[in-house]
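Close look at the chain arrangement
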Amino acid sequence: MGCSVLVLTIIACTLGGLVFGYELGIISGALPQLQAQFYLGCVQQEAVVSALLIGSLKASVIGGWLIDRHGRRTSILLSNLLILGGTIILTASTSFLALVVGRAIIGFAMSISSMSCCIFVSEMVAPERRGLMVTLYEVGITVGILLAYAVNYILSGVQAGWRYMFGFAIIPSLMQLVSIGFLPQRTGTFEGLITQDDSQQSDRLAEETLDHQPAEHVKYSVFDLFKSKDNMCRRTAIGLGLVLSQQFTGQPNVLFYASTILFSVGFQSNASAVLASVGLGIVKVIATLFAMVCSDKVGRRSLLIGGCTVLAVGLILSGFLCGQSVVDTTKQCTSNLTSPIKNQGNVGNDLINQSQSTGHQTHDASGDSNIFSEDMYKWIIFVCMMAVVSAFSVSFGPMTWLVLSEIFPKEIRGRAYSFINCFNVGANLIVTFSFLSIIDVIGLSGIFFVYGGIGIAAVVFIYLVLPETKGKSLHKIDRELSQTGFFHREEFYSIFQRRQFSPRYQRVHLTSTTT
């Protein structure tokens, strides 16, 4: 019975990640078709993309209360019903407003589902397998993104193909709805599903003993997240630092605007850009599987530092290459709007014609060698984007949510998760809604440089503040965080102190002793 419940939990949560990833990735291929059919301007395109995040932000406000009050299972069931309703609205949309409403409903449901699934799994499994199990949700997300990119490519030339793109989300939603119906309402009865060793059992006994002291452990409020009690301010700082870093390094825009970015760096048609985005999806899945295997061996902190370093380098290199390329990477949506749209399969061809005319004199001056150079830039930028996606999928993608499910006391875990997710979605909304407008001002190269600089700052933050949680019970993590200072690496300062103040030579005093 216990193993059956565990398997059903893994299936349900992985399907939740699949739906999440599909809804994230599908807009990349649907957006060119929506632009053609509804004549969407720059701000309208950003509104359709960002409506998902607006709904998610609203869910983050009440999601924690819903999860802690009514349970993880009920919250997942509610999210399934809302996704089904939002998908029906999207597939039947005949106006810009209907698109925004449908996307907002789905965003609300996705936020509830993501918080519930990660917490649900983290409370079901033993410490040495928690990283593997929780990361399965991120695997579901990456598979969903890959599936979305594949569907985008298949339907890129189909009349009104965007309706089918949105409609296919019904299938995994129904599957998750059926699987979650067989799961228990609360996880407390099933926390011992996986065999544990003596130390883990003693930690659990200690946690259960503390649970019988309601005066101090049940009465957490959201305001406690900013207090020094139990070092909650440090936990909140860790959560906020991770989610803000993962958003302001620009990863959402790589997902939402993958086809747009690839088209702008030289992929000559909408179909080829969408096909290239499928390659990004495949790389993302492989990298996430690697992270899933390594999370309980290498550790969360090491993966975050290593992955974020590669991420920053890839973004800075992409910015340099975009600056050297002759392709015009500014005024994306405004250029498209000024050109008549012949058909949905060739949306934006006038942008490339404009780019080619802009660099016509350069091509004439240097001949075929420049054409080869432009093509080379295109593929090098694509490789850099693959490195960025891989690094994110190894680090921020799975590890952020794994760490968040571990560092807060269970009495406030749902509300803390929801509070942190508010900032996550808010930052995502800012980054996504402003992306095309910022490109009009500073171009792709400039925005990549900004993202890369933030990535470097994120590496420093993780090194200083984040502790390692692999192989530890939730109670042990809670106890250690309550007893330690704000900075994880205080010896970082002692290194500089020694270098600055320690003399090169020191006088040694000898004392003689008589016997």
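Residues numbered from 1 in each chain as written. Predicted model: local features only at pLDDT ≥ 70, side-chain atom pairs only at ≥ 80, totals over all residues. Heavy atoms only, no water.

A short note on the pattern of salt bridges
- Going through the model one piece at a time under the given rule, you end up with 3 salt bridges.
- Of the charged contacts, one joins Asp478 and Arg235 as a salt bridge, the two residues approaching to 2.6 Å between their closest N and O atoms. Note that Asp478 is positioned in helix α22 (residues 474-483) and Arg235 in helix α10 (residues 232-248), a separation of 243 residues in sequence. (Salt bridge = Lys/Arg side-chain N within 4 Å of Asp/Glu carboxyl O. Helix = DSSP H or I, 4+ residues; strand = E, 2+ residues; numbered from the N terminus.)

A few points about unusual backbone geometry
- Positioned with a positive phi, Tyr39 is a non-glycine residue whose angle comes to about 55 degrees.
- Inspection of the secondary structure assignment puts Tyr39 in the loop between α1 (2-38) and α2 (42-70).

A few points about the confidence of the model for the chain
- On average, the chain scores 75 in pLDDT, and the residues at 70 or more come to 72%.
- Mean pLDDT in the chain bottoms out at helix α16 (residues 349-358), which sits at 41, and peaks at helix α6 (residues 161-167), which reaches 91.
- Taken together, the stretch residues 187-218 has pLDDT below 50 and engages in 40 contacts with residues farther than four places along the chain or on a different chain.
- Every residue in residues 334-372 is under pLDDT 50, and counting partners more than four places away or in other chains gives 49 contacts. (pLDDT = per-residue confidence, 0-100. Contact = heavy atoms within 4.5 Å.)

Description of the side chain of Ser405
- Tracing the sequence through the fold places Ser405 in helix α19 (residues 396-407).
- In this structure the side chain of Ser405 is engaged in a polar contact, spanning 2.7 Å, whose partner is the backbone oxygen of Leu402.
- With sequence-adjacent residues up to four places away left out, Ser405 is seen in contact with Cys118, Ser122, Val134, Arg413, Tyr417 and Leu474. (Polar contact = N/O pair within 3.5 Å; in protein donor to acceptor, adjacent residues only side chain to side chain.)

A short note on the environment of Ala126
- With respect to the element layout, Ala126 can be found in the loop between α4 (96-122) and α5 (127-154).
- Separated by 345 residues in sequence, Ala126 and Gly471 place their C-alpha atoms 8.8 Å apart.

Some details on the packing of helix α3 (residues 72-91) against helix α7 (residues 170-180)
- Across the interface, α3 lies against α7 with an axial gap of 10 Å and an inter-helix angle of 155 degrees. Judged on the interaxial angle alone, α7 and α3 are roughly antiparallel. Two packed elements cross with a definite hand, and for α3 against α7 that hand is left-handed. Seen from α3, the contacting residues are Arg73, Ile76, Leu77, Asn80, Leu81, Ile83, Leu84 and Thr87; seen from α7, they are Ile170, Ser173, Leu174, Gln176, Leu177 and Ile180.
- Of the residues that constitute the contact of α3 with α7, the class distribution is 9 nonpolar, 4 polar and 1 charged. (Axes fitted to C-alpha atoms, helices over the stretch in contact; angles between N-to-C directions. Parallel < 35°, antiparallel > 145°, perpendicular 65-115°, else oblique. Left-handed = near helix turned anticlockwise from the far one by under 90°. Nonpolar A, V, L, I, M, F, W, Y, C, P; charged D, E, K, R; others polar.)

Overview of the packing of aromatic side chains
- Scanning the entire structure with this criterion turns up 6 aromatic pairs.
- Seen from their ring centres, Phe20 and Tyr137 are 6.4 Å apart, and the 65 degrees between their planes marks the pair as edge-to-face. Highlighted residues: Phe20 in helix α1 and Tyr137 in helix α5, separated in sequence by 117 residues. Summarising the burial analysis for this pair, Phe20 and Tyr137 share the class buried. (Phe/Tyr/Trp six-rings, centres within 6.5 Å; stacked < 30°, edge-to-face > 60°. Buried < 20%, exposed > 50% of the residue type's maximum accessible area, 1.4 Å probe, protein only.)

What about α3?
- Between its first and last C-alpha atoms α3 spans 29 Å; for 20 residues at 1.5 Å apiece the expected length is 28 Å, and the two agree.
- Listed as buried for α3 are Arg72, Arg73, Ser75, Ile76, Ser79, Asn80, Ile83, Leu84, Gly86, Thr87 and Leu90. (Expected span 1.5 Å × (residues − 1).)

So, the nonpolar core
- Formed by 117 residues in total, the largest nonpolar core has its most connected members in Leu34, Phe396 and Phe435.
- In terms of residue count, the dominant contributor to this core is α1 (13 residues).
- Discounting residues that sit within four places of it in the chain, Leu34 has contacts with Ile27, Tyr39, Leu40, Val48, Leu99, Trp162 and Phe166. (Core = buried A, V, L, I, M, F, W, Y, C linked by side-chain atoms within 4.5 Å.)

What to know about the packing of α3 against α4
- Where α3 contacts α4, the axes come no closer than 8 Å and their chain directions differ by 160 degrees. As judged from the angle between their axes, α3 and α4 are roughly antiparallel. In the packing of α3 onto α4, the handedness of the crossing is left-handed.
- Residues of the contact of α3 with α4, tallied by class, amount to 15 nonpolar, 7 polar and 3 charged.

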